[in-house]
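Coordinates in review
Letter by letter, the chains look like this.
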Amino acid sequence: MSEPSRNIRSRRSNLAVPGSSPKMLEKAKGLPADQVFMDIEDAVAPLAKPDARKNIVAALNEGGYDGKVRSVRVNDWTTQWTYADVIEVVSGAGANLDCIMLPKVQGPEQIKALDMLLTQIEKSEGLEVGRIGIEAQIENAMGLTKVDEIAAASPRVETIIFGPADFMASINMKSLVVGEQPPGYDVGDAYHYILMRILMAARAYDKQAIDGPYLQIKDTEGYMRVAGRSAALGFDGKWVLHPDQIAAANEVFSPRQEDYDHAELILDAYEWYTSAAGGARGAAMLGDEMIDEASRKMALVIAGKGRAAGMQRTESFTPPES
Ligand code: GLV
Ligand code: MG
């Protein structure tokens, strides 16, 4: 079966799995997350990183992540580990891997460096050049100021990801609770600018926008509330740190069934009305609603998310009797 194309991969739930835990790498296979990312960065202690690389290569080559996007988070370019993370993982399991996630990205040159390294490994290993994507985590002020250039730095870039914990530290935000408003800020959402900035860069360059972790893993209601905000803005998905957060993410980032049905209906109706049989019209009535080219574009977004999530429509369009 051919791989889904970059832009239609479903990434509602992005499950973080520490590469240091073969048990959790194994367990992730059976969980209903859209994406699994195997970590060699902040969830893995320095002394455990060499083993984490090996565990990840073994897990990817053993397989079992069918239907999931498989990503590996390497260490950022300011450390001594990045090159070895990439070389070991991609040489060892490049054919069974979809993306490399690069944390704490500070500028387009860091994406270009990863792109070049990936190209060399793909060539030397006989892998398809350019197939492995890049996920760019924005986790500090410098990264956010350069997010447009980062999104445009390589066709490999698939997602722009908000890393709230590191970001809060980077800007000296007076709070330790990721996702919740900092005490004393009582005039709106303290994360709104950051989320919108990331979303604009992602949409301008046709990438997916992904929200980061919510650390209160027992508080599913809190997760739903925070996820609901980024989903409402237009984000494509959010990290999950615990199996209990998966169903919440899949729900919040899927269109509602009625919206999905309606979007498919608009697409079919508009196709018919713009055809010769339907009168070659640019604007038409669907029930009480006027639809036009802009309605088609909005419907495409909802339908695209629903299709990527495997939703089935429950209504079909019947052209009116003439
Ligand atoms: C994730 O990496 C974060 O820093 O929030
Ligand atoms: Mg981080």
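Residues numbered from 1 in each chain as written. Chains lettered and ligands numbered in written order. Predicted model: local features only at pLDDT ≥ 70, side-chain atom pairs only at ≥ 80, totals over all residues. Heavy atoms only, no water.

1. Section: the side chain of Lys49
Cut-off, in case you're wondering: Numbered from the N terminus, helices here are DSSP runs of H or I no shorter than four residues, and strands are runs of E no shorter than two. In this scheme, a residue with accessible area under 20% of its type's maximum is buried, one over 50% is exposed, and one in between is partly exposed, where area comes from a 1.4 Å probe on protein chains only. In this count, Lys and Arg are taken as positive residues and Asp and Glu as negative ones, while His and the chain termini are left out. Put simply, a salt bridge is a Lys or Arg side-chain nitrogen that is within 4 Å of an Asp or Glu carboxyl oxygen. Think of a polar contact as two N or O atoms within 3.5 Å of one another; within protein, one of them needs to be a possible hydrogen donor and the other a possible acceptor, and neighboring residues in sequence only count if both atoms come from side chains.
Positionally, Lys49 belongs in helix α2 (residues 49-62). The side chain of Lys49 sits in the buried core without any salt bridge; Asp42 is the nearest counter-charge, 5.5 Å away. Within polar-contact distance, the side chain of Lys49 engages the backbone oxygen of Ile40 at 2.9 Å.

2. A look at the domain arrangement of the chain
This is how it is decided: Domain start and end points were adopted from an automatic or database domain assignment.
For the chain, the assigned domains are domain 1 (13-252) and domain 2 (257-308). Taken over C-alpha atoms, the centre of domain 1 sits 34 Å from the centre of domain 2.

3. Section: helix α12 (residues 293-308)
One turn of the α-helix equals 3.6 residues, which is why residues spaced by three or four share an orientation. The condition is simple: In this scheme, a helix's expected span is set at 1.5 Å multiplied by one less than its residue total. Note that the arc is computed from the directions linking the helix axis to the C-beta atoms. Here, two residues are considered to be in contact whenever any of their heavy atoms come within 4.5 Å of each other.
Between its terminal C-alpha atoms α12 stretches 22 Å, which fits the 22 Å expected from 16 residues at 1.5 Å a residue. Every buried residue of α12 is accounted for by Ser295, Ala299, Ala303 and Gly306. The buried residues of α12 occupy one face: seen down the axis, they fall within an arc of 55°. Residues Lys297 and Met298 are exposed on α12 and point more than 90 degrees away from its buried face. Against the buried residues of α12 lie α11 (257-274) and β10 (289-291). Between a side-chain oxygen at the N-terminus of α12 and the backbone nitrogen of Ala294 the separation is 3.0 Å; the capping residue is Asp292.

4. Some words on the nonpolar core
For the record, the criterion: What is meant by a nonpolar core is a set of buried Ala, Val, Leu, Ile, Met, Phe, Trp, Tyr and Cys residues, joined one to another through side-chain atoms within 4.5 Å.
In terms of nonpolar packing, the biggest core is built from 68 residues, with Val72, Val90, Ile100, Ile111 and Ile160 touching the most fellow members. Per-element accounting of this core gives the leading share, 6 residues, to helix α8 (residues 192-204). Those residues in contact with Ile160 that sit more than four places away from it in its chain are Ala136, Ile138, Val147, Ala151, Ile198, Ala202, Lys207, Gln208, Ala209 and Ile210. One finds Leu265, Ala269, Leu286 and Ile291 within the second-largest nonpolar core, a separate group that totals 13 residues.

5. Thoughts on the site of ligand 1
Quick note on the threshold: We call a residue near a molecule or strand as soon as one heavy atom of that residue lies within 4 Å of the molecule or strand. In short, Shrake-Rupley with a 1.4 Å probe defines the accessible areas, and a residue's cover is counted only from the protein chains shown. Residues are sorted three ways: Asp, Glu, Lys and Arg are charged, Ala, Val, Leu, Ile, Met, Phe, Trp, Tyr, Cys and Pro are nonpolar, and all the rest, Gly among them, are polar.
Close to ligand 1 lie Arg73, Gln137, Glu139, Gly163, Pro164, Ala165, Asp166, Pro213 and Trp239, which account for all nearby residues. Note that an oxygen atom of ligand 1 is positioned 3.1 Å from one of the side-chain N or O atoms of Arg73. In the complex, 93% of the free accessible area of ligand 1, which totals 190 Å², lies under the protein chains. Per-element tally for the shell around ligand 1: the top contributor is helix α7 (residues 164-170), with 3 residues. Considering only residue class, the shell around ligand 1 consists of 4 nonpolar, 2 polar and 3 charged.

6. Focus: the pattern of salt bridges
Under the definition given, this model contains 29 salt bridges. Residue Arg9 pairs with Glu158 through a salt bridge whose shortest N-O separation is 2.8 Å. With Arg9 in the segment before β1 (13-18) and Glu158 in strand β6 (residues 157-162), this residue pair connects regions lying 149 residues apart in the sequence. Across the pair, exposure class does not vary: Arg9 and Glu158 are buried alike. Note that Glu158 and Arg11 form a salt bridge whose closest N and O atoms lie 2.9 Å from each other.

7. Describing the packing of α11 against α12
What counts is decided by this rule: Working convention: axes come from line fits to C-alpha atoms, limited for helices to the stretch in contact. Angles between N-to-C directions cover 0 to 180 degrees. For this classification, under 35 degrees means roughly parallel, over 145 means roughly antiparallel, 65 to 115 means roughly perpendicular, and everything else is oblique. Crossing handedness: left-handed means the near helix sits turned counterclockwise from the far one by under a right angle, and right-handed means the same turn made clockwise.
The geometry of α11 relative to α12 is characterised by a closest axis approach of 8 Å and an angle of 130° between their N-to-C directions. Classified by the interaxial angle, the pair formed by α11 and α12 is oblique. The two elements α11 and α12 cross, and the hand of that crossing is left-handed. Only Glu293, Ser295, Arg296, Ala299, Leu300, Ile302, Ala303, Gly306 and Arg307 of α12 make contact with α11, whose side of the interface consists of Asp259, Tyr260, Ala263, Glu264, Ile266, Leu267 and Tyr270. In terms of residue class, the contact of α11 with α12 is built from 9 nonpolar, 2 polar and 5 charged.

8. Things to note about the coordination of the magnesium ion (ligand 2)
For the record, the criterion: Ligating atoms shown are N, O and S within 2.8 Å of the metal, or 3.2 Å for Na, K and Ca, and water is not included, meaning a site may look less than complete.
Taken together, the protein donors to the magnesium ion (ligand 2) comprise Glu139 (OE) and Asp166 (OD), at separations of 2.0 Å. With Glu139 in the loop between β5 (133-138) and α5 (141-145) and Asp166 in helix α7, this pair connects stretches of sequence that are 27 residues apart. The class of Asp166 is partly exposed, set by a relative accessible area of 24%.

9. Section: the packing of aromatic side chains
As a reminder of what qualifies: Aromatic contacts are taken between Phe, Tyr and Trp rings whose centres are within 6.5 Å, Trp giving its six-membered ring; a plane angle under 30 degrees counts as stacked, one over 60 as edge-to-face, and the others as tilted. Remark: a charge is flagged as sitting over a ring if the NZ atom of Lys or the CZ atom of Arg is within 6 Å of the ring centre and within 35 degrees of the ring normal.
For the structure shown, the criterion picks out 7 aromatic pairs. An angle of 45° between the planes, with centres 4.5 Å apart, marks the rings of Phe37 and Trp239 as tilted. Taken together, the residues span a long stretch of sequence, with Phe37 in strand β2 (residues 35-39) and Trp239 in strand β8 (residues 237-240) at a distance of 202 residues. Across this residue pair, the class does not change: Phe37 and Trp239 are buried. Between the aromatic rings of Phe162 and Phe167, the centroid separation amounts to 5.8 Å while the plane-to-plane angle is 65°, which identifies the pairing as edge-to-face. With respect to class, Phe162 is no different from Phe167; both count as buried. In textbook terms, an aromatic cluster arises when at least three aromatic residues are bridged by ring pairs, as seen for Phe162, Phe167 and Tyr191. A cation over an aromatic ring shows up here: Lys49 above the ring of Trp81, its NZ or CZ 4.8 Å from the ring centre.

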